[in-house]
Amino acid sequence: MNSPAFLPFARPDITEAEIDAVARAMRSGWVTTGPETKAFEQEFAAYLGGGVHAIAVNSATAGLHLALEAIGIGPGDEVIAPTLTFTATVEVARYLGADAVLVDVDPVTLNIDPAKIEAAITPRTKAILPVHYGGVACDMAAIFAIAGRHGLKVVEDAAHALPTTTNGALVGQLPSAAAVFSFYANKTMTTGEGGMVVTKDEALAARMKVMRLHGISRDAFDRFTSTTPAWYYEIVAPGFKYNMTDMAGALGRVQLQRLPGFVQRRQQLAARYLAELQDLPLTLPAAAPAGDAHAWHLFVPRLSDAASVTRDEVIQALADAGIGTSVHYVPLHRQPYWRDRYALVPEQFPVAERAYQHMFSIPLFTAMTDEEQSRVIAALRACVR
Ligand SMILES: *Cc1c(COP(=O)(O)O)cnc(C)c1O
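Conventions we followed
- Residues numbered from 1 in each chain as written.
- Predicted model: local features only at pLDDT ≥ 70, side-chain atom pairs only at ≥ 80, totals over all residues.
- Heavy atoms only, no water.
- UniProt positions renumbered as here; feature names shortened; annotations may be inferred.
- Helix = DSSP H or I, 4+ residues; strand = E, 2+ residues; numbered from the N terminus.
- Buried < 20%, exposed > 50% of the residue type's maximum accessible area, 1.4 Å probe, protein only.
- Contact = heavy atoms within 4.5 Å.
- Areas by Shrake-Rupley, 256 points an atom, 1.4 Å probe, with all protein chains shown as cover.
- Lys, Arg positive; Asp, Glu negative; His and termini not counted.
- Charge placed at Lys NZ, Arg CZ, Asp CG, Glu CD.
- Near = heavy atom within 4 Å.
- Polar contact = N/O pair within 3.5 Å; in protein donor to acceptor, adjacent residues only side chain to side chain.
- Pairing = 2+ DSSP bridges.
- Right-handed = clockwise from strand over helix to strand, strands pointing away.
- Axes fitted to C-alpha atoms, helices over the stretch in contact; angles between N-to-C directions.
- Parallel < 35°, antiparallel > 145°, perpendicular 65-115°, else oblique.
- Left-handed = near helix turned anticlockwise from the far one by under 90°.
- Nonpolar A, V, L, I, M, F, W, Y, C, P; charged D, E, K, R; others polar.
- Domains from an automatic or database assignment.
- Buried area = accessible area lost by both parts, 1.4 Å probe.

As annotated in an unreviewed UniProt entry, the protein chain carries the name DegT/DnrJ/EryC1/StrS family aminotransferase and comes from Ottowia testudinis. According to UniProt, the comment filed for the protein chain under the heading Sequence similarities (unreviewed entry) is "Belongs to the DegT/DnrJ/EryC1 family."

Shown next, in the form of structure tokens:
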């Protein structure tokens, strides 16, 4: 008996082109931040358009830390973020001595609920950190209006949002202080580990570039290519070590070229799930508003009230069928660190709490075949009732 191979929840889409690009970087003799990373930044900025500055980093977490540091977040400040996110969104506020104020999400999109933001603002609030959950944009018009009224900065956690649009504008192009993309292994494109911070603000870009590399006022690559003596540099702050390697940059350049194909494949896979799961007792993920792009980083069905199985039973049935799943996310208000630090209880987050009890993420990645997707659909149809 041949049972089909285990279908993981996600798998990176790496071809010989990526392998060649990484080998080229390794053979070039320049393996740290250099020409590949620089070209990747330029190409990423060109992809977004509008003259944004793109700053490559070794993770989105690093990028979020740089962005909050650059906008001046410090001890005693508060930042507002959704509870239904990865801890990276808010742990960076703690690095800077600031506090995270977690709020509930919208029941349709599972994105941060603007009304909850407004209610959470205090005199200490400095920034709002929206997360474009799964790849569908937050209500950015409402968020910018609140930020404007209260003098708050907006830093977007855009880890799921490559590419996502809202009212026709790409995330990365919006009037926030910064947006941070992730190239972690399971994201819509990968550099193994890596991220990109984008901003339209020249001063913020300059600060983040300096803080990315030890607070050195020129990066290592410039030191070896400009006319001032190569040995001379100045330390202007106690910076971090967040620069991207040239192997990662080379990998990212190929993935970025392939992104339009990735987008198309993710849309196809999502459209098929939406069509073929629609008669089951599931709340399927919300599509983007007409004319806008959903990045479809995640596909997260939720069991509806009519379902007679539990979320854990569905996950077990899929595992028994050799199919990997995940849960995005155990809400932060349930995580010991955040729960205990802020004395959070589930009753404060009824929407996220309910979604969490009923949600599961199913495989959606560009390297999966139609046959593999058929297996997921068949397994769900066999167990969700
Ligand atoms: C993946 C992810 C991050 C962190 O990205 P890294 O590149 O792994 O640091 C942050 N926020 C969200 C919502 C993510 O999904």
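Read on, since the account is not over.
Next up on the list: the overall build of the protein chain. The secondary structure content of the protein chain amounts to 13 helices and 11 strands. Per-residue burial over the protein chain gives 56% buried out of 385 residues. Intrachain contacts of the protein chain at a sequence separation of at least 6 include 72% that bridge at least 24 residues. Counting every atom, the protein chain has about 15,900 Å² of accessible surface; 56% of that belongs to carbon and sulfur. Computing the positive centroid from 32 side-chain charges and the negative centroid from 39, the protein chain places the two 2 Å apart.

A few words now on the site of the ligand. Within the structure, the ligand sits among 16 residues, and Thr61, Asp157, His160, Ser182 and Lys187 are positioned closest to it. Within the side chain of Tyr329, a nitrogen or oxygen atom sits 3.1 Å from an oxygen atom of the ligand. When the ligand sits alone it has 380 Å² of accessible area, and the protein chains cover 93% of it. Secondary structure elements with two or more residues in the shell around the ligand: helix 3 (60-70) and helix 4 (88-95).

Extensive coverage of strand 3 (residues 99-103) is indicated by the burial of 5 of its 5 residues. Here strand 3 shows no split at all, with Asp99, Val101 and Val103 on one side and Ala100 and Leu102 on the other all buried. Pairing between strand 2 (residues 78-82) and strand 3: 5 bridges, direction parallel. The residue of strand 3 that forms the bridge with Pro82 is Val103. Between the parallel pair strand 2 and strand 3, the chain is carried across by helix 4, and the sense of this crossover is right-handed.

So, about the pairing of strand 5 (residues 153-157). Here strand 5 lies mainly inside the structure; 4 of its 5 residues are buried. Bridge count between strand 4 (residues 125-128) and strand 5: 2 bridges; the pairing is parallel. From the neighbouring strand, Ala127 faces strand 5, where its bridge partner is Lys153. Following the backbone out of strand 4, through helix 6 (residues 140-150) and into the adjacent parallel strand 5, one traces a crossover that is right-handed.

Attention shifts here to the packing of helix 3 against helix 4. With their axes 9 Å apart at the nearest point, helix 3 and helix 4 run at an angle of 45° to one another. Here helix 4 runs oblique to helix 3, going by the angle between their axes. Crossing of helix 3 over helix 4 shows right-handed handedness. Residues Thr61, Leu64, His65 and Leu68 of helix 3 form the contact with helix 4, whose participating residues are Ala88, Thr89, Glu91, Val92, Ala93 and Tyr95. Residue composition of the contact of helix 3 with helix 4, grouped by class: 6 nonpolar, 3 polar and 1 charged.

Let's shift gears to the UniProt feature "active site" (unreviewed entry) in the protein chain. Under the UniProt annotation, the feature "active site" (unreviewed entry) is placed at Lys187. You can see Lys187 is positioned in the loop between strand 8 (178-182) and strand 9 (195-199). Ignoring any residue separated from it by four or fewer positions in sequence, one finds Lys187 in contact with Ala159, His160, Ser182, Arg266 and His297.

Our focus in this paragraph is the domain arrangement of the protein chain. Split into domains, the protein chain comes out as domain 1 (16-257) and domain 2 (259-383). For domain 1 and domain 2, the distance between their C-alpha centres works out to 25 Å. The interface is formed by 40 residues belonging to domain 1 together with 35 residues belonging to domain 2. Taken together, the two surfaces of domain 1 and domain 2 that pack against each other cover about 3,100 Å², and 61% of this comes from carbon and sulfur.

With respect to the element layout, Ala147 can be found in helix 6. By relative accessible area, Ala147 is classed as buried at 5%. Filtering out sequence-adjacent residues up to four positions away, Ala147 remains in contact with Ile128, Leu152 and Val154.

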